[in-house]
Amino acid sequence: MSLREAAAAVRNNAYAPYSEFKVGAAVRAASGTVYVGCNVENVAYPEGMCAEAGAIAAMVAAGEARLVEAYVIAGSPTPVTPCGGCRQKLAEFAAPDAQVTMATVSGNEQVTTVGDLLPGVFNAAHMKS
Ligand code: ZN
């Protein structure tokens, strides 16, 4: 199954009764295994979770901590972009040149990288004294 197929399939499970904006994400870990996530909204809006966060959480729960590629898909008019928080989450587990494909359900795709999505990323080097 391709990353696109995996992301599109899990998107169907998104819990988005408030926005009705369903998002699916798939990440390929360094091992080659694909992990998926969908957005999960909550009536207390800030408690909702993005699709990318779910996919990353599934990867980490399975014992992996590196992703080499990500794919995000939504029913948006233009390819859906990861939010700012998810860009930081992706950067935690991916090299700057890791590919991120943003897509629409209708088939439009835009390819970028984790580094291009988050210039000036805050990383572990900033924690050193
Ligand atoms: Zn997000």
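Our structure is the block above this text.
A. Summary view of the side chain of Ser 76. Within the secondary structure, Ser 76 is located in the loop between strand 3 (67-74) and helix 3 (84-93). Within the structure, Ser 76 has its side chain in polar contact with the backbone oxygen of Thr 78 (distance 2.7 Å). Apart from the residues within four sequence positions on either side, Ser 76 is in contact with Phe 21, Ala 103 and Thr 104.

B. Representation of the packing of helix 2 (residues 51-61) against helix 3 in the model. Axis separation between helix 2 and helix 3 bottoms out at 9 Å; the angle between their running directions is 25 degrees. One element, helix 2, and the other, helix 3, form an angle in the roughly parallel class. Helix-helix and strand crossings are classified by hand; for helix 2 and helix 3 the assignment is left-handed. Across from Glu 52, Ala 53, Ile 56, Met 59 and Val 60 in helix 2, the residues of helix 3 making contact are Cys 86, Lys 89, Leu 90 and Phe 93.

Calculation notes
Residues numbered from 1 in each chain as written. Predicted model: local features only at pLDDT ≥ 70, side-chain atom pairs only at ≥ 80, totals over all residues. Heavy atoms only, no water. Helix = DSSP H or I, 4+ residues; strand = E, 2+ residues; numbered from the N terminus. Polar contact = N/O pair within 3.5 Å; in protein donor to acceptor, adjacent residues only side chain to side chain. Contact = heavy atoms within 4.5 Å. Axes fitted to C-alpha atoms, helices over the stretch in contact; angles between N-to-C directions. Parallel < 35°, antiparallel > 145°, perpendicular 65-115°, else oblique. Left-handed = near helix turned anticlockwise from the far one by under 90°.

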